[in-house]
Amino acid sequence: MGQYTRRDFLVKSAAGAIVMASPTLLAKSLQAADALQPAPSKMAIAKWTGPRDLNATQLSEAAVKMTEQAIQGVGGMKRFVTKGSVVWIKPNIGWDRTPELAANTNPDVVSTLIRLCFDAGAKKVKIGDNPCNIAAKTYVSSGIAPAAQKLGAEVIFLDKSRFKETDIKGDLIKSIPVYPEILDCDLVINVPIVKHHGMSTATVCMKNYMGVIEKRPTIHQDFSACLTDLTRFMKPQISVVDAVRILKDHGPVGGNPADVETTLTVAAGTDVIALDAWGLDVLGKTLAEVPYVARGAEAGLGTTDYKSIAREIAVS
C-alpha cells in the first residue's frame, strides 16, 4: 500500500468539496498542497543507507535509485528538460576500462538519466565524449554505449574534423575548438565520475568539460584560469556526479581494483562549484590541493560551501 501524504489528503478533500462548492475551492486547495512541497534544492546528495555488501545486480539497482533520488531532490528532470528538447549527456567515457575500475562514469547512472530525459519529454538524447583512448573501445568497455543504445539514445562519436573554433570570450582563452553539435542542443547534462587525476589531483565537473573541446594542451597553460573560462562558457544548468565507485589513486586511467572504493553516492545540482567541492571531500582532497575549484568560485560560478545548499537524501 502506498504512502498517504498530506497532499493526497488535501486533494481528496478538495475533490469531494467541489461537488458542493465550486472549482475555486479545488484550485485553492491544490495551491495550498503545492505550497507544502519542499522547494527544489540547488544540490542534492543521494546516499545509499542499505546493505553495503551488494552483488553486481544489487549495485546496479542502487545506482539507479540514487540517481533518481538525486534528480528528484533538485526538482525532477522536468525542471530542466522541456517537451521536444534535444539533450546532450556528457559522461566521462575517456578510457578503455570496465565500470568496476571507476575510470569512466557509471553506465547505470547514465542510463537512468537517459530514461528520465525521455520521460520528461525530450525528443532526442545524445551521448558523447572526446576520449583519450580509442572511442570505439572506450564506448563499449565503459558499458555506456550499449546501455544508451538500448534506451534509444544516439551514441555520437566525436569526429575530430568537425570541431569548430569557437569564441568563448574567456579571460585567458579567447577561442578554442568546440564540438558544435553539443552547443546546438537545448540542454547539456554534465555527468562526471569522482576520481583522482595525476595532473590536476582530482577531476569532477569542471574538468569533465574538457571532453567537449579539442587541442587540450592549450588549456594546460594556466589550468585553473582555462577551466574557469570553459565552465563559464558552457553555462552549466545541471550536473550529476557519479560517486557510486570512485578512483582514489592512479587516475585518470586507473586499472588496479585496489584503487577503487565503493562509496554508493550520487549528487546532482545546479551549482557546479559546490558539486566539485563535494567531490573533493569524497576523494579526501582539499581546495588548496585543487586550485581550479576555488578559482571558479572567485569567478562567480558557484560556492565551495556545498553544505550550505545541499540536501542529503537517504536511499535504501
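First, a word on what this report is: a plain description of the structure on this page. (Residues numbered from 1 in each chain as written. Predicted model: local features only at pLDDT ≥ 70, side-chain atom pairs only at ≥ 80, totals over all residues. Heavy atoms only, no water.)

Mapped onto the fold, Thr231 is located in helix α9 (residues 223-234). Accessibility expressed as a relative area gives 1% for Thr231, which makes it buried. Among the polar contacts made by the side chain of Thr231, one reaches the main-chain carbonyl oxygen of Leu227 at a distance of 2.8 Å. In this structure Thr231 touches Met206, Tyr209, Pro236, Val272 and Leu301, once residues within four positions along its chain are discounted. (Helix = DSSP H or I, 4+ residues; strand = E, 2+ residues; numbered from the N terminus. Buried < 20%, exposed > 50% of the residue type's maximum accessible area, 1.4 Å probe, protein only. Polar contact = N/O pair within 3.5 Å; in protein donor to acceptor, adjacent residues only side chain to side chain. Contact = heavy atoms within 4.5 Å.)

With five of five residues buried, strand β8 (residues 193-197) lies mostly within the body of the structure. In the sheet, β8 pairs with strand β10 (residues 238-247) via two bridges, with the strands oriented parallel. Looking at β10, one finds that Lys195 is bridged to Leu247. Here β8 folds back onto strand β9 (residues 201-203) in antiparallel fashion, the turn holding three residues. (Pairing = 2+ DSSP bridges.)

Turning our attention to the packing of helix α10 (residues 272-283) against helix α11 (residues 291-298). Put simply, α10 and α11 touch, their axes get as near as 10 Å, and they point 155 degrees apart. It follows from the interaxial angle that α10 and α11 lie roughly antiparallel. For α10 against α11, the interelement crossing comes out left-handed. Contacts between α10 and α11 pair Ile273, Asp276, Ala277 and Leu280 from the former with Tyr292, Val293, Gly296 and Ala297 from the latter. Tallied by class, the residues present in the contact of α10 with α11 amount to six nonpolar, one polar and one charged. (Axes fitted to C-alpha atoms, helices over the stretch in contact; angles between N-to-C directions. Parallel < 35°, antiparallel > 145°, perpendicular 65-115°, else oblique. Left-handed = near helix turned anticlockwise from the far one by under 90°. Nonpolar A, V, L, I, M, F, W, Y, C, P; charged D, E, K, R; others polar.)

Strand β7 (residues 187-191) sits mainly inside the fold: five of its five residues count as buried. Of the two faces of β7, the one carrying Leu187, Ile189 and Val191 and the one carrying Val188 and Asn190 are both buried. Taken together, the five bridges between strand β2 (residues 86-91) and β7 define a ladder with parallel strand orientation. The residue of β7 that forms the bridge with Trp88 is Val188. Note: β7 against β10, two bridges, orientation parallel.

Moving on: the nonpolar core. Counting residues in hydrophobic clusters, the biggest one holds 92 residues, and the most contacted among them are Ile89, Ile127 and Ile189. When sequence neighbours within four positions are dropped, the list of residues in contact with Ile189 reads Met77, Val87, Trp88, Ile89, Lys90, Leu113, Cys117, Ile238 and Val240. (Core = buried A, V, L, I, M, F, W, Y, C linked by side-chain atoms within 4.5 Å.)

Attention now goes to the packing of aromatic side chains. Counted according to the given criterion, the structure contains four aromatic pairs. A centroid spacing of 4.5 Å and a plane angle of 15 degrees characterise the contact between Tyr139 and Phe157, whose relative ring orientation is stacked. On the criterion of sequence distance, the pair formed by Tyr139 in helix α5 (residues 135-141) and Phe157 in the loop between β4 (154-155) and β5 (164-167) is long-range, its members being 18 residues apart. Residue class for Phe157 comes out partly exposed when judged on its relative accessible area of 45%. Both rings, one in Phe223 and one in Tyr292, keep their centres 5.8 Å apart while their planes meet at 85 degrees; by these two values the pair is edge-to-face. Taken together, the positions of Phe223 in helix α9 and Tyr292 in helix α11 put the pair 69 residues apart, joining distant regions of the chain. For the pair Phe223 and Tyr292, one class covers both residues: buried. (Phe/Tyr/Trp six-rings, centres within 6.5 Å; stacked < 30°, edge-to-face > 60°.)

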